[in-house]
Amino acid sequence: PSITRGVTVDIPKVSWDDIGGLKDLKKKLQQAVEWPIKHSAAFARLGISPMRGVLLHGPPGCSKTTLAKAAAHAAQASFFSLSGAELYSMYVGEGEALLRNTFRRARLAAPSIIFFDEADVVAAKRGGSSRNSTTVGERLLSTLLTEMDGLEQAKGILVLAATNRPHAIDPALMRPGRFDLVLYVPPPDMEARYEILRVHTRNMKIGDDVDLRRIAEDTELFTGAELEGLCREAGIVALRENISATLVSNRHFETVKLSLKPALTRDEIE
Ligand code: ATP
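Overview of the structure.

Procedures and definitions
- Residues numbered from 1 in each chain as written.
- Predicted model: local features only at pLDDT ≥ 70, side-chain atom pairs only at ≥ 80, totals over all residues.
- Heavy atoms only, no water.
- Helix = DSSP H or I, 4+ residues; strand = E, 2+ residues; numbered from the N terminus.
- Contact = heavy atoms within 4.5 Å.
- Areas by Shrake-Rupley, 256 points an atom, 1.4 Å probe, with all protein chains shown as cover.
- Lys, Arg positive; Asp, Glu negative; His and termini not counted.
- Charge placed at Lys NZ, Arg CZ, Asp CG, Glu CD.
- Phe/Tyr/Trp six-rings, centres within 6.5 Å; stacked < 30°, edge-to-face > 60°.
- Lys NZ or Arg CZ within 6 Å of the ring centre and 35° of its normal.
- Near = heavy atom within 4 Å.
- Polar contact = N/O pair within 3.5 Å; in protein donor to acceptor, adjacent residues only side chain to side chain.
- Nonpolar A, V, L, I, M, F, W, Y, C, P; charged D, E, K, R; others polar.
- Buried < 20%, exposed > 50% of the residue type's maximum accessible area, 1.4 Å probe, protein only.
- Salt bridge = Lys/Arg side-chain N within 4 Å of Asp/Glu carboxyl O.
- Expected span 1.5 Å × (residues − 1).
- Core = buried A, V, L, I, M, F, W, Y, C linked by side-chain atoms within 4.5 Å.
- Pairing = 2+ DSSP bridges.
- 1 Å grid on protein atoms, 1.4 Å probe; cavity = no way out; pocket = protein on both sides within 12 Å on 5 of 7 lines; lining within 4 Å.
- Points joined across faces, edges and corners; volume = space filled by probe spheres on them.
- Axes fitted to C-alpha atoms, helices over the stretch in contact; angles between N-to-C directions.

1. Some thoughts on the overall build of the protein chain
Turning to step 1, where the next piece is worked out: Along its length, the protein chain carries eleven helices and seven strands.
Turning to step 2, where the next piece is worked out: Across its three principal directions, the C-alpha atoms of the protein chain cover 60 × 45 × 35 Å.
Turning to step 3, where the next piece is worked out: Considering only residue pairs separated by 6 or more positions, the protein chain has 79% of its internal contacts joining residues 24 or more positions apart.
Turning to step 4, where the next piece is worked out: Put simply, the protein chain shows about 14300 Å² of open surface, and 52% of that area lies on carbon and sulfur atoms.
Turning to step 5, where the next piece is worked out: The average position of the 35 basic charges and that of the 34 acidic charges among the side chains of the protein chain differ by 6 Å.

The following block contains the structure:
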């Protein structure tokens, strides 16, 4: 981490190449996140106002967080991370203070990306509560909206929010100037699974008999996180068999594959 004007900032090290599949999605994020930061002069020249927010939705473990980090890396932007669930669980007022403080630090460290995980916890549809009292979620949401509306003047700050429950999100967030872009991050198809397996075996010593295409075919409904786990486990199986092993072989992958069941079901895919 480096220190910019008293704010400790981190630029993530993950790159687009560390993410298997999702070619079109990466391109859209490049245009929405990387371009306005890298080519801000061109945007100003043409009078285009950059986006302020992007909402990523899709099942858990399918790289929403990793995409946000890769976007920050590509744009060489400072990365700030917030969790809706964490904000929600804080003492009265503390969540709002943390939200405001994060936006303040992001402005100081700009260009910045604020990643807002589990956004639905805070940005759930309003209503339901009695007239005069406001719920924790409503107060956090209104703080978030105020901060996002205030980004107009601030340059080079973008909020990337993530959720598994897009239908629960308050429509107030989808208005222009807030989350202008909504992107679905799907579970990996066969080709993407192959690429994910390649990413996660890149630094492993694997035998010639390991057929990653076969494994990709046999792992329907596996998420990126589960495929990453499969590779790691295969390595551990090889070591368990022989602590001086120099290669991870096909049978190690097979053993693990047979013992794993994907958490996703077909109905959960949009
Ligand atoms: P959650 O909704 O649970 O926060 P997420 O969608 O944000 O999940 P990530 O945290 O980005 O998912 O992914 C979890 C792990 O799975 C990461 O460590 C990443 O390495 C791996 N992974 C997921 N998708 C991919 C992918 N397409 N390519 C490479 N690795 C992936």
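Next comes the rest of the description.
2. Re the packing of aromatic side chains
Turning to step 1, where the next piece is worked out: Applying the stated criterion across every chain, the model contains one aromatic pair.
Turning to step 2, where the next piece is worked out: Above the plane of the ring of Y194 lies R213, whose end atom (NZ or CZ) is 3.9 Å from the centre.

3. Details of the site of the ligand
Turning to step 1, where the next piece is worked out: In the region of the ligand, 17 residues are neighbours, and G20, G61, T65, T66 and H200 sit closest.
Turning to step 2, where the next piece is worked out: Taking S63, its main chain carries an N or O atom lying 3.1 Å from an oxygen atom of the ligand.
Turning to step 3, where the next piece is worked out: A distance of 3.0 Å separates an oxygen atom of the ligand from a polar atom in the side chain of E228.
Turning to step 4, where the next piece is worked out: Secondary structure elements with two or more residues in the shell around the ligand: α3 (64-75), α8 (190-201) and α10 (224-241).
Turning to step 5, where the next piece is worked out: Tallied by class, residues from the shell around the ligand come to five nonpolar, eight polar and four charged.

4. Things to note about the side chain of K64
Turning to step 1, where the next piece is worked out: Note on placement: K64 falls in helix α3.
Turning to step 2, where the next piece is worked out: It turns out K64 is buried and unbridged, and the closest side chain with the opposite charge, D117, is 6.2 Å from it.
Turning to step 3, where the next piece is worked out: A distance of 3.1 Å separates a polar side-chain atom of K64 from the backbone oxygen of G58.
Turning to step 4, where the next piece is worked out: Beyond its immediate stretch of four places on either side in the chain, K64 contacts L56, H57, G58, P59, F115, A162, T163, N164 and V185.

5. What about α8?
Turning to step 1, where the next piece is worked out: With twelve residues, α8 extends 17 Å between its outermost C-alpha atoms, agreeing within 8% with the 16 Å of an ideal straight helix rising 1.5 Å per residue.
Turning to step 2, where the next piece is worked out: Every buried residue of α8 is accounted for by A192, R193, Y194, I196, L197, V199 and T201.
Turning to step 3, where the next piece is worked out: Against α9 (212-217), α10 and α11 (250-259) lie the buried residues of α8.

6. Side note on the nonpolar core
Turning to step 1, where the next piece is worked out: Formed by 28 residues in total, the largest nonpolar core has its most connected members in L29, V54, L67, I113 and L160.
Turning to step 2, where the next piece is worked out: Elements with a minimum of two residues in this core: α1 (23-38), β3 (53-57), α3, β5 (112-117), β6 (157-163) and β7 (179-184).
Turning to step 3, where the next piece is worked out: Among the elements that make up this core, the one with the highest residue count is α3 (seven residues).
Turning to step 4, where the next piece is worked out: Among residues more than four places away in sequence, those in contact with I113 are V33, A71, A72, A77, S78, F79, F80, L158 and L160.

7. Here we look at the pairing of β6
Turning to step 1, where the next piece is worked out: In terms of residue burial, β6 counts as a mostly covered element, since seven of its seven residues are buried.
Turning to step 2, where the next piece is worked out: Bridge count between β3 and β6: five bridges; the pairing is parallel. Directly across from G53, in β6, lies its bridge partner V159.

8. What about empty space enclosed by the protein?
Turning to step 1, where the next piece is worked out: One pass over the full model with this rule turns up one cavity of 30 Å³ or more.
Turning to step 2, where the next piece is worked out: Computed from the structure, the largest cavity encloses a volume of approximately 40 Å³.
Turning to step 3, where the next piece is worked out: Split into classes, the residues belonging to the lining of the largest cavity amount to ten nonpolar, no polar and no charged.

9. Here we look at the sheet that holds β7
Turning to step 1, where the next piece is worked out: The strand order across the open sheet formed by five strands is β4-β5-β6-β3-β7, and the pairing between neighbours is parallel. At either end of the open sheet lies a strand with only one pairing partner, and these are β4 (78-83) and β7. Pairwise comparison of adjacent strand axes, ignoring direction, gives a mean angle of 20° for this sheet.
Turning to step 2, where the next piece is worked out: Relative to β7, β3 runs parallel, the two being bridged by five bridges. Bridge pairing in β7 links L56 to L183.
Turning to step 3, where the next piece is worked out: Packing against the sheet, α1 makes contact with β3, β5, β6 and β7, and its axis sits at approximately 165° to β7.
Turning to step 4, where the next piece is worked out: Contacting β3, β4, β5 and β6, α3 runs over the sheet at an angle of about 175° to β5.

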